[in-house]
Amino acid sequence: MANGGIIGPINITSRGKNTQTVKTSTGTVTTQPSTRLVDVLVVAGGGSGARISGGGGAGGALLSQCNPVTGNTSYSVTVGGGGTAKTSDNVVGNCGSNSEFINPVSPLTAIGGGGGGRNCQGTGATSPGRGPGRAGGSGGGGGGRGCASAAGVGGTGTACQGNDGGAGASPGGGGGGGGGANAAGTAAAGPPDGKCGKSGGAGGAGKDFSPIFPGAPNCGVYAGGGGGGPGFAPTAGTSAAGGTGGGGASQCGGSTPATSGTPNTGGGGGGAGGGTPGNSGAGGPGIVLVKELCKASGVWSMQSQFSAKSEGSWPFANVEVDYLLVAGG
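Rules behind the numbers
Residues numbered from 1 in each chain as written. Predicted model: local features only at pLDDT ≥ 70, side-chain atom pairs only at ≥ 80, totals over all residues. Heavy atoms only, no water. Helix = DSSP H or I, 4+ residues; strand = E, 2+ residues; numbered from the N terminus. Buried < 20%, exposed > 50% of the residue type's maximum accessible area, 1.4 Å probe, protein only. Contact = heavy atoms within 4.5 Å. Areas by Shrake-Rupley, 256 points an atom, 1.4 Å probe, with all protein chains shown as cover. Polar contact = N/O pair within 3.5 Å; in protein donor to acceptor, adjacent residues only side chain to side chain. Core = buried A, V, L, I, M, F, W, Y, C linked by side-chain atoms within 4.5 Å. Phe/Tyr/Trp six-rings, centres within 6.5 Å; stacked < 30°, edge-to-face > 60°. Pairing = 2+ DSSP bridges. Axes fitted to C-alpha atoms, helices over the stretch in contact; angles between N-to-C directions. pLDDT = per-residue confidence, 0-100.

Undergrad: Would you take a moment to explain the overall build of the chain for this structure?
TA: When its secondary structure is counted, the chain shows 1 helix and 10 strands. Each helix and strand of the chain, placed in order from N terminus to C terminus, yields the pattern β-β-β-β-β-β-β-β-β-β-α. Across the 329 residues of the chain, 49% fall into the buried class. A separation of at least 24 residues holds for 63% of the contacts in the chain among residues at least 6 apart in sequence. Element-wise, carbon and sulfur atoms account for 55% of the exposed surface of the chain, whose accessible area totals about 13700 Å².

Written as structure tokens, this is what we have:
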């Protein structure tokens, strides 16, 4: 019989031994001969913060489980870079670059994080307006303002990859936090007080993928948003886990510089504060994780079972069972 005497369908068995491959740069991943299924996490590069004021959005984090592949085959991987830092005042942050796992059957593309929105320039009704946070895997934080028009809104995140950025403050100029994989960025907040008006919003939280990819770099936490920069305020937005960020203070406080996204996490960069020397924070480059599954379920042919056992490649799983033994009377 074609099914070796077993009634039922022949299920695809993957003998990948749960091997994990970490890619922090563009290249290829070659599967083992008996691998048929993989879990893949694709994280894009994070966006940079504005100079001045919104925090950069995290790169998109796209998870695909039980992705079908062919054994002993090379698959192309692209790891996206983070958005570059900004050096000039009142400019929107740069978006991060996409990351990809190229499987012809089901290609996976994570979208780069959105750059932070900029503050306005000058004062009065004729001043140039701020841009909103840029859209991306997670959206950049909205720019604050120091003039009469309304504050910028947060950028839009990509469904199933990230969240929106927070809005900038009005008045006072604080920038919103960039969105993260697990939460939206926080809007800038605080009571107005002249030039010391608004603090930056916190970046959205990153996401913990360590239960699926144990031992992964950065404890498996990726794609946190960058904190928004203060608009002439003493407090920068805090960074999120998996990302980083936060702009420096200016006339009202110290001069802590904005910080960049953590390398190979897809974290968003921090927004720079109004009047603060230094650049905005750059976005962190992305990462791609591939786990070759050891999976056996359903019904198999007796021939394939015998061959796998003979080769020593039959997948084993750690299974806990409750059992009762009763002796004869």
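Structure shown, so let's carry the discussion forward.
Undergrad: Looking at this structure, I do not really get the side chain of Gln161. What am I missing?
TA: Of note, Gln161 is situated in the loop between strand S7 (108–110) and strand S8 (207–208). One polar contact links the side chain of Gln161 to the main-chain amide nitrogen of Ile111, over a distance of 2.9 Å. Non-local contacts of Gln161, meaning those with residues more than four positions away in its chain, are made with Gly60, Ala61, Leu62, Thr109, Ala110, Ile111, Gly137 and Ala181.

Undergrad: Please clarify how the nonpolar core should be interpreted in this entry.
TA: Note that soluble globular proteins tend to have their nonpolar side chains buried in a common cluster. Counting residues in each nonpolar core, the largest one holds 15 residues, and the members touching the most others are Val40, Val42, Val77, Phe101, Leu108, Val288 and Val290. Sorting the residues of this core by element identifies strand S3 (37–43), strand S5 (74–78), S7 and strand S10 (287–295) as the ones contributing at least two each. Excluding its chain neighbours within four sequence positions, the residues that come into contact with Val42 are Gly60, Ala61, Leu62, Ser99, Glu100, Phe101, Leu108, Ala110, Ile287 and Val288. Residues Ala61, Phe209, Ala216 and Ile287 belong to the second largest nonpolar core, which totals 12 residues.

Undergrad: What exactly am I supposed to notice about the packing of aromatic side chains here?
TA: Each aromatic ring pair is summarised here by two numbers: the centre-to-centre distance and the angle between the ring planes. One pass over the full model with this rule turns up 1 aromatic pair. Seen in terms of ring centroids, Tyr75 and Phe101 are 5.7 Å apart; in terms of plane orientation they differ by 25 degrees. Their pairing is stacked. Here Tyr75, found in strand S5, pairs with Phe101, found in strand S6 (residues 99–102); they are 26 residues apart in sequence, far enough to count as distant.

Undergrad: Before we go on, may I ask you to explain the side chain of Thr35 in this structure?
TA: Mapping Thr35 onto the fold places it in the loop between strand S2 (27–30) and S3. Classification of Thr35 as buried rests on a relative accessible area of 0%. A polar side-chain atom of Thr35 sits 2.6 Å from a polar atom in the side chain of Glu292. Filtering out sequence-adjacent residues up to four positions away, Thr35 remains in contact with Ser14, Arg15, Gly16, Val69, Thr70, Gly71 and Glu292.

Undergrad: Before we go on, may I ask you to explain the sheet that holds S2 in this structure?
TA: In sheet architecture, strand pairing relies on hydrogen bonds along the backbone and comes in two forms, parallel and antiparallel. Strand order in the open sheet made by the 4 strands is S2-S5-S6-S7, with antiparallel pairing throughout. The open sheet has two edge strands, S2 and S7, and neither has a second partner. The average undirected angle you get between the axes of adjacent strands in this sheet is 15 degrees. Strand direction decides the pairing type here: S2 and S5, joined by 4 bridges, are antiparallel. Looking at the pairing, Val29 lines up with Tyr75 of S5.

Undergrad: Just checking my understanding: could you explain unusual backbone geometry for this structure?
TA: A negative phi holds for most residues other than glycine; trans holds for most peptide bonds. In the Ramachandran plot, Cys219 falls in the positive-phi region, its phi being about 60 degrees despite a non-glycine side chain. Its location among the elements puts Cys219 in the loop between S8 and strand S9 (221–222). Its identity as a non-glycine residue notwithstanding, Asn264 has a phi of 55 degrees, on the positive side. Looking at where Asn264 falls in the secondary structure, it is placed in the loop between S9 and S10.

Undergrad: Just to check I follow, could you spell out the pairing of S3 for this structure?
TA: Two faces, one strand: in a regular strand the side chains alternate between the faces of the sheet. Burial of S3 is extensive: 7 of the 7 residues sit out of reach of the surface. Neither face of S3 is exposed, since Leu37, Asp39, Leu41 and Val43 on one face and Val38, Val40 and Val42 on the opposite face are all buried. Two elements, S3 and strand S4 (residues 61–68), share 6 bridges in a ladder whose sense is antiparallel. Looking across to S4, one finds that Leu37 is bridged to Pro68. Relative to S10, S3 runs antiparallel, the two sharing 6 bridges. Directly across from Val43, in S10, lies its bridge partner Ile287.

Undergrad: Can you help me understand the environment of Thr87 in this one?
TA: Examined against the element boundaries, Thr87 turns out to sit in the loop between S5 and S6. Each C-alpha atom, one on Thr87 and one on Ala50, is 8.9 Å from the other, the two residues being 37 residues apart in sequence. Setting aside its immediate chain neighbours within four residues, Thr87 contacts Arg51 and Asn279.

Undergrad: Can you help me understand the confidence of the model for the chain in this one?
TA: Detailed reading of predicted coordinates is not advised where the pLDDT is low. Predicted confidence across the chain gives a mean pLDDT of 82, with 71% of residues reaching 70 or more. Mean pLDDT values over the elements of the chain span from 67, in helix H1 (residues 302–311), up to 98, in S7. Here residues 123–127 scores under 50 on pLDDT; set against residues more than four positions off or in separate chains, the count is 8 contacts.

Undergrad: It is not clear to me how the sheet that holds S4 should be interpreted in this structure. Could you clarify?
TA: Strand order in the open sheet made by the 4 strands is S1-S10-S3-S4, with antiparallel pairing throughout. Two strands lie at the open edges of the sheet, namely strand S1 (14–23) and S4, each paired on one side alone. On average, each strand axis in the sheet is inclined to that of its neighbour by 15 degrees, with strand direction left out of account.

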